[in-house]
Amino acid sequence: MSLAEVLQTGNYHLIDVREPMELEMDGHIEAAQNIPLGELEQRKQEVLNLSGTKIFFCRSGNRSGKAVDYFKSEGMTDVYNGGGYADMKELLEKM
């Protein structure tokens, strides 16, 4: 399933893995939960408790890719790399 198809289902959670200062500087997506990449292991259960598909994004897609790799290594299959913040915002605005 493509990222656009996942967004169309409405059964997803957006997780922004940027640092809080990046959100202040660059903006944020209102519906997204902020869990910085460095805190993902400590806050793993918080992510696991979310229902639906988890879509991670960051500034460029690199850190969100690492987040997806981490959760896939933990056995999760319903995770997607949403790429960079600007791309994710643009995609959501088109929906």
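In the block above lies the structure referred to throughout.
Residues numbered from 1 in each chain as written. Predicted model: local features only at pLDDT ≥ 70, side-chain atom pairs only at ≥ 80, totals over all residues. Heavy atoms only, no water.

Caption draft 1: Spatial organisation of the pairing of strand 3 (residues 53–58). Most of strand 3 is tucked away: six of the six residues are buried. Because side chains alternate across strand 3, one face comprises the buried residues Thr 53, Ile 55 and Phe 57, and the other comprises Lys 54, Phe 56 and Cys 58, equally buried. Both strand 1 (residues 12–16) and strand 3 contribute to a ladder of five bridges, which runs parallel. Across the sheet, residue Asp 16 finds its bridge partner in strand 3, namely Phe 57. Inspection of the sheet shows strand 3 paired to strand 4 (residues 79–84) by four bridges, in the parallel sense. Considered in strand 4, the bridge of Cys 58 is made with Gly 84. One crossover worth recording links strand 3 to the parallel strand 4 by way of helix 4 (residues 62–73), and it is right-handed. (Buried < 20%, exposed > 50% of the residue type's maximum accessible area, 1.4 Å probe, protein only. Helix = DSSP H or I, 4+ residues; strand = E, 2+ residues; numbered from the N terminus. Pairing = 2+ DSSP bridges. Right-handed = clockwise from strand over helix to strand, strands pointing away.)

Caption draft 2: Up close: the sheet that holds strand 1. The strand order across the open sheet built from four strands is 2-1-3-4, with neighbouring strands paired in parallel fashion. Each edge of the open sheet is held by one strand with a lone partner, namely strand 2 (33–34) and strand 4. Taken strand by strand, helix 5 (residues 85–94) contacts strand 1, strand 3 and strand 4, and its axis lies near 105 degrees from that of strand 4. (Contact = heavy atoms within 4.5 Å. Axes fitted to C-alpha atoms, helices over the stretch in contact; angles between N-to-C directions.)

Caption draft 3: Just the nonpolar core, in detail. If you look at the biggest cluster of nonpolar residues, it comprises 14 residues, and the most contacted ones within it are Ile 15, Val 17, Leu 40, Val 47, Phe 56, Phe 71 and Val 79. Going through the elements one at a time, strand 3 and helix 4 are the ones with two or more residues in this core. For this core, the element with the highest residue contribution is helix 4, accounting for four residues. Not counting residues up to four positions away in its chain, the partners in contact with Val 79 are Lys 54, Phe 56, Val 68, Phe 71 and Lys 72. Ranked by size, the runner-up nonpolar core spans 10 residues in total, among them Leu 3, Leu 7, Tyr 85 and Met 88. (Core = buried A, V, L, I, M, F, W, Y, C linked by side-chain atoms within 4.5 Å.)

Caption draft 4: Expanded view of the packing of aromatic side chains. Under the counting rule described, the total for this entry stands at two aromatic pairs. Ring centres 5.4 Å apart and planes at 15 degrees place the aromatic pair Phe 56 and Phe 71 in the stacked group. With Phe 56 in strand 3 and Phe 71 in helix 4, the pair connects residues that are 15 residues apart, well separated along the chain. With centroids separated by 4.9 Å and ring planes inclined at 75 degrees, the aromatic side chains of Tyr 70 and Phe 71 adopt a geometry described as edge-to-face. For Phe 71, a relative accessible area of 0% puts it in the buried group. Put simply, the rings of Phe 56, Tyr 70 and Phe 71 touch in pairs and so form one group of aromatic residues. Here Arg 18 stacks its cationic end above the ring of Tyr 85, 4.4 Å away from the centre of that ring. (Phe/Tyr/Trp six-rings, centres within 6.5 Å; stacked < 30°, edge-to-face > 60°. Lys NZ or Arg CZ within 6 Å of the ring centre and 35° of its normal.)

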